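Remarks on the overall topology
Here is how the chains run, residue by residue.
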Amino acid sequence: MSAARLAERWRSQTPVLTGLPVIEGAVAVVLLFLFSQALLGPLLADPADPEGAPILRLIWPPVYALTLVLMMSRPGASLRYLAYGWPVLALAALTVLSTAWSLDPALTLRRSFAIFMTTLFGIWLAAAFSWRDLLRVLGALFALLAVMSFVAGLAVPGFGIMQEIHPGAWKGLWWEKNTLGALMAWALLVFVSAGAIDPRYAWVWRALAPLALLLVLLSTSKTALLASLVALGGPLAIALVRRDFTFAAVTLVTAALGLAAGVIALIIGPAAILEALGRDPSLTGRIPIWAGLIDVIGQAPWTGFGYGAFWAAEDGPVHWLRKATEWDVPTAHNAWIETALALGLPGLVLGAFVFLRAVGQGVLRLLSGNETYFALTFMVTWGLISVSESNMLQQNSLVWVLLVTVTTKLAAPRDQACEAP
């Protein structure tokens, strides 16, 4: 083996300890911490108005400026990944265009700029790091969030544990328990996947996984528990599929039949199924909200009501929805309905394309590439959560950053740095 080949192999298997990459890694962890909205929000903002604290709004302009600097530091890679990520860029651009028909143009313009910059950060993250190094960055972030949340619950229970609503449920560094549960479910997936992608430090990631699962249980979030089961089962299923073709065929057929049976059961008797699972047949009031919102979408099917504007325009259609449901509904609690409200059917179709394209690209890598353990499981988990949470096109949101990064990297040619040494 030539000296040049040996040097290249060493660089691909050894963390870079000096220069721009380590600086980028540290900066990425800090900025991702801000996008997670941990600690600073609950300390400085009113939970009824998370965006209302002026000091929190001042954080984001420097973040956006730094994002542009980071992209310009890697001009070639940034341009390539902007091309790979064209669907999410188109979706972000559509939010800007929606200013023209928004119920609140000023609000839409401000929030669409934020979502556009959040999207650019996700694309930079995809361009700057290989799959393996990306999992290392995310692992460092979630390790920090998990440890800090655990310490907050033990040392400052008045801050880390809910006191009035859902007393005793842990909320960690956030406003409420479901956020802790959701992010620790993502943490569990990152730790499990990093163990496969980064075998050199697998013992570190596997040691952190029980802490993430413990925090999910302490949050008492059922949705997060389901996501955690997928986070554990997804990589395991992929590993088993790769070991045996027959098992792969049986698994895929069983999954397809199970999915079909579940859909049929929910169509025929959703109330009975949900009651058997111990859940509210209305999904905690979501189904009446969804029914009302689908009717509202019919009022502006091709445009929607402008990004971020529907819920803010209190004298608009939301007034009648809230009057009918007798509840001050804050969101659609469904990513697809939320997108249609903001951007109409064009936005909904484009969002579905982003999701299905990434899932398809993940399936094509099912039998090769260690990144699939994380990427495909992430997309499946995100899709499940999207049914009950508005997790698409969220400005300054860690989940949106991760979705942009994963979908963009799946569209790019495979890198080799994620392979086991």
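Read on for an overview of the structure. Position numbers for residues start from 1 in each chain and track the written sequence from start to end. Given that the model is predicted, a residue must reach a pLDDT of at least 70 before its local features are reported, and side-chain atom pairs must reach 80 or more before they are shown or counted; all residues, however, enter totals for whole chains, interfaces and linings. Only hydrogens and water are set aside when side-chain values are computed; all heavy atoms of the structure are taken into account.

1. Overview of the overall build of the protein
Secondary structure elements follow DSSP: runs of H or I of four or more residues count as helices, runs of E of two or more count as strands, with numbering from the N terminus. Counting its secondary structure elements, the protein contains 20 helices and zero strands. For the exposure calls, accessible area comes from a 1.4 Å probe over protein chains only, and a residue counts as buried if that area is under 20% of its type's maximum, exposed if over 50%, partly exposed in between. The burial tally for the protein puts 49% of its 421 residues in the buried class. In the protein, the proportion of contacts linking residues at least 24 apart, taken out of those at least 6 apart, comes to 75%. Where accessible areas are quoted, they stem from the Shrake-Rupley method and a 1.4 Å probe; at the residue level, only the protein chains shown are allowed to cover. Of the roughly 19,400 Å² of accessible surface on the protein, a fraction of 71% belongs to carbon and sulfur atoms. Every residue pair with non-hydrogen atoms within 4.5 Å of one another is taken to be in contact.

2. Examining the packing of helix α16 (residues 286–297) against helix α17 (residues 317–325)
In this description, a line fitted to the C-alpha atoms serves as the axis of each element, helices being fitted only across the stretch in contact, and the angle between N-to-C directions of two axes falls anywhere from 0 to 180 degrees. Packing of α16 against α17 leaves a shortest axis separation of 10 Å and a crossing angle of 150 degrees. On the basis of the axis angle, α16 is roughly antiparallel to α17. Note on packing geometry: the crossing formed by α16 with α17 is right-handed. Mapping the contact onto sequence places Ile289, Gly292, Leu293 and Val296 in α16 and Pro317, Leu321 and Thr325 in α17. Any angle from 65 to 115 degrees is called roughly perpendicular, while one under 35 is roughly parallel, one over 145 is roughly antiparallel, and all others are oblique. Each crossing is labelled by how the near helix is turned from the far one, with a counterclockwise turn of less than a right angle marking it left-handed and a clockwise turn marking it right-handed.

3. Some points on the environment of Ala207
Residue placement: Ala207 occurs in helix α12 (residues 202–219). Ala207 sits in the exposed class, given a relative accessible area of 53%. Residues Ala207 and Val192 lie 15 residues apart in sequence; the distance between their C-alpha atoms is 9.8 Å.

4. Focus: unusual backbone geometry
The backbone of Leu39 shows a phi angle near 70 degrees, a positive value even though the residue is not glycine. Looking at where Leu39 falls in the secondary structure, it is placed in the loop between α2 (20–35) and α3 (40–44). Judged by relative accessible area, which is 24%, Leu39 ranks as partly exposed. Phi is positive for His333, which is not a glycine, with a value near 55 degrees. Along the chain, His333 turns up in the loop between α17 and α18 (335–364).

5. Considering the pattern of salt bridges
Salt bridges are defined as contacts in which a side-chain nitrogen from Lys or Arg sits within 4 Å of a carboxyl oxygen from Asp or Glu. The full count for this structure, using the stated rule, is four salt bridges. Between Glu24 and Arg74 there is a salt bridge, with its nearest N and O atoms 2.8 Å apart. Taken as a pair, Glu24 in helix α2 and Arg74 in the loop between α5 (60–73) and α6 (75–84) lie far apart in primary sequence, 50 residues in all. Judged by relative accessible area, which is 1%, Glu24 ranks as buried. Relative accessible area serves as the criterion here: at 23%, Arg74 is assigned to the partly exposed category. As a salt-bridge pair, Glu371 and Arg365 come within 3.0 Å of each other at their nearest N and O atoms. For Glu371, a relative accessible area of 0% puts it in the buried group. Here the salt bridges do not stand alone but share partners, grouping Asp133, Arg136 and Asp198 into one network.

6. Some words on the packing of aromatic side chains
To pair, rings of Phe, Tyr and Trp, with the six-membered ring standing in for Trp, must have centres within 6.5 Å; the planes then decide the type, stacked if under 30 degrees apart, edge-to-face if over 60, and tilted in the middle. In this structure the tally under the stated criterion is 17 aromatic pairs. With 6.4 Å between their ring centres and 15 degrees between their planes, Phe191 and Trp205 make a pair best called stacked. Taken together, the residues Phe191 in helix α11 (residues 177–197) and Trp205 in helix α12 connect sequence positions 14 residues apart. The buried category is assigned to Phe191, whose relative accessible area is 1%. Taking relative accessible area as the criterion, Trp205 reaches 9% and is therefore assigned buried. Seen in terms of ring centroids, Phe310 and Trp311 are 4.9 Å apart; in terms of plane orientation they differ by 90 degrees. Their pairing is edge-to-face. Taken together through their ring pairs, the aromatic side chains of Phe35, Trp60, Tyr64, Phe113, Phe121, Trp124 and Phe129 make up a single cluster. Note on geometry: a ring has a charge over it if NZ (lysine) or CZ (arginine) is within 6 Å of the ring centre and within 35 degrees of the ring normal. The residue whose ring lies beneath Lys171 is Phe159, and the NZ or CZ to ring-centre distance is 4.8 Å. The cationic tip of Lys409 hangs over the ring face of Trp131; the distance from NZ or CZ to the ring centre is 5.5 Å.

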